[in-house]
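# Results of the structural survey
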Amino acid sequence: MYACGPTVYNFIHIGNARPIVVFDMLYRLLKHTYENVVYARNITDIDDKINATASSLGETISDVSGRYTDAFHEDIASLHTLMPDIEPFATNHISEMHSMIQSLLDKDHAYVADGHVLFNVPSMKEYGSLSGRNREDLIAGARVDVAPYKRDPADFVLWKPSTGDQPGWDSPWGFGRPGWHLECSAMIETHLGETIDIHAGGQDLIFPHHENEIAQSVCSHGGKEFCRYWVHNGYITTRGEKMSKSVGNFFTLRELLDIAPGEVIRFALLSGHYRKPLDWSVDALNQSRASLDRIYQSLQIHCDIQFTDVDVPIGLIEALEDDLNTPMALAVLHGLVSELNNASNDNDKRRLKSELLAGGKFLGLLTTDPDGWFKWQPKAASGLDEQEIERLVNLRIEARKNKDFAESDRIRDELSNAGIQLEDGANGTTWHRASVIDMET
Ligand SMILES: [Zn+2]
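Residues numbered from 1 in each chain as written. Predicted model: local features only at pLDDT ≥ 70, side-chain atom pairs only at ≥ 80, totals over all residues. Heavy atoms only, no water.

### A short note on the coordination of the zinc ion
Those protein atoms acting as donors to the zinc ion are Cys4 (SG), Cys184 (SG), His209 (NE2) and Glu213 (OE), and they sit at 2.0 to 2.3 Å. Between the four donor atoms coordinating the zinc ion, the angles at the centre fall across 80 to 129°, so the site counts as irregular. Between consecutive donors of the zinc ion, the numbers of intervening residues give the motif C-x179-C-x24-H-x3-E. Of this pair, histidine 209 and glutamate 213 both sit in helix H7 (residues 206-220), four residues apart, which is roughly one turn of the helix. In this structure, histidine 209 and glutamate 213 share a single accessibility class: buried. (Donors = N, O, S within 2.8 Å, 3.2 Å for Na, K, Ca; no water. Tetrahedral: all angles 85-135°; square planar, octahedral: opposite > 155°, others 65-115°. Helix = DSSP H or I, 4+ residues; strand = E, 2+ residues; numbered from the N terminus. Buried < 20%, exposed > 50% of the residue type's maximum accessible area, 1.4 Å probe, protein only.)

As structure tokens, then:
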């Protein structure tokens, strides 16, 4: 399986995080079902957007790509995603890209013009079959100013010249750099072979990126099938509008991780079916928080119940096997919580708690202990720290022992005003922070 990875010139936004989490879920399911799964997700570390960022900051492109690759890894680790088996970097595959270009030139699918190498779209009869675009659509879709060196308006760049301080590599066609589409074709050929089972990516990559990947790979491999199954995730929207930088309605994952635990963001991303658009809002985030609170609360109540390693509940696997129905899989977790809360004997409780934890782990959730979960606080919070809370809780216990109920109530109010809720149970007093997420900035 191959998924198109990030272009590392900025922090990723929540729209970029959706494919990472959705395909992580697919990877987990495939590993559960098949013995040999190889998942590759690339890093695009050569791109004109990286060049622009580097020159505006007076840095090298590797400064920029290195910094944002690290940030990417850090951010997605907070969403509890597994690392892919292979993470190829585009700049480590320049010679493989050269070989692919040469093979396309040899087979008359590409031509050299004005320092560029271009793929000749009319040379491939089936071009456009993935996106369902016909010849008229392609011509109409081409920019008004078609570069004069193009034989056909739909032709796309495989190699382009670099001048001045633009980064580049020597090649048989002059000093230059690869086109973006070529990078994925070359990395897939190198690491996974000529035909792969699954190719994943966001819906916005279907045209032209994936269409062009198919053209390059199929034509350089003499017509051999490139990919057996394509999997595309839908857009993230806000108030029904596609999230995008130009509209200014987007959130970086980093901003969201400051106000909500990574598990809440992961839960929210899995709460809709991957092929449908997912509307992102504070309400949606709070719903996910409330859902996870309910699960953690049950685990907290049943903290004394032993659990064992058990298989992932079959209903959860079946939901995922049905076109990755993650909302249904999450509903299975909720069903287990209801059963656990209603169970009357310890045997049932043990079994249900074990299944709940196995299912949660499989979904990349329930990674925290319940006490820690309820103590999480947003980065910008100026509230009481844990030590101070513990001190006040102990003072209140002392006051209650001395039957000083006025003092005990005063402390409870003080904590409540600071957003700390107390719960007096059989095992003593526990506390948790109010968990409403506020996205107003
Ligand atoms: Zn790609």
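### Looking at the pattern of salt bridges
The final tally for this structure, using the stated rule, is 20 salt bridges. A salt bridge links arginine 289 to aspartate 293; the nearest nitrogen and oxygen atoms lie 3.0 Å apart. With a gap of four residues between them, arginine 289 and aspartate 293 both fall in helix H10 (residues 282-301), about one helical turn apart. Among the residues examined, arginine 289 registers a relative accessible area of 4% and is labelled buried. Looking at aspartate 293, the relative accessible area reads 12%, which means it is buried. The shortest N-O distance in the salt bridge between glutamate 390 and lysine 375 comes to 3.9 Å. Of the two residues, glutamate 390 is situated in helix H15 (residues 386-401) and lysine 375 in helix H14 (residues 370-375); the sequence distance between them amounts to 15 residues. Since its relative accessible area comes to 32%, glutamate 390 is described here as partly exposed. Because the salt bridges share partners, they merge into one network encompassing Arg396, Arg400, Arg412 and Asp424. (Salt bridge = Lys/Arg side-chain N within 4 Å of Asp/Glu carboxyl O.)

### So, the domain arrangement of the chain
Interface size is often expressed as the accessible area that is lost when the parts come together. The assigned domain composition of the chain is domain 1 (2-237), domain 2 (304-372) and domain 3 (376-433). Its C-alpha centre places domain 1 at a distance of 54 Å from the equivalent point of domain 3. (Domains from an automatic or database assignment.)

### Points about the nonpolar core
In this structure, Ile14, Ile265, Trp280 and Leu285 are the most contacted members of the largest nonpolar core, which totals 109 residues. Residue assignment places this core across two domains, with domain 1 (2-237) and domain 2 (304-372) each supplying three or more. Judged by nonpolar contacts, the second largest core, of eight residues, contains Ile411, Leu415, Leu422 and Trp431. (Core = buried A, V, L, I, M, F, W, Y, C linked by side-chain atoms within 4.5 Å.)

### Re unusual backbone geometry
With an omega of 0°, the peptide bond running from phenylalanine 207 to proline 208 counts as cis. Although it is not a glycine, lysine 403 sits at a positive phi angle of roughly 55°. As for its position among the elements, lysine 403 is in the loop between H15 and helix H16 (405-417). With a relative accessible area of 61%, lysine 403 lands in the exposed category.

### Structural notes on the pairing of strand S13 (residues 428-433)
Where strand S12 (residues 420-425) lies against S13, six bridges are found, and the strand directions are antiparallel. Pairing of glutamine 421 across the sheet is with histidine 432, part of S13. Here S12 hands over to S13 after two residues, the two strands then running antiparallel side by side. (Pairing = 2+ DSSP bridges.)

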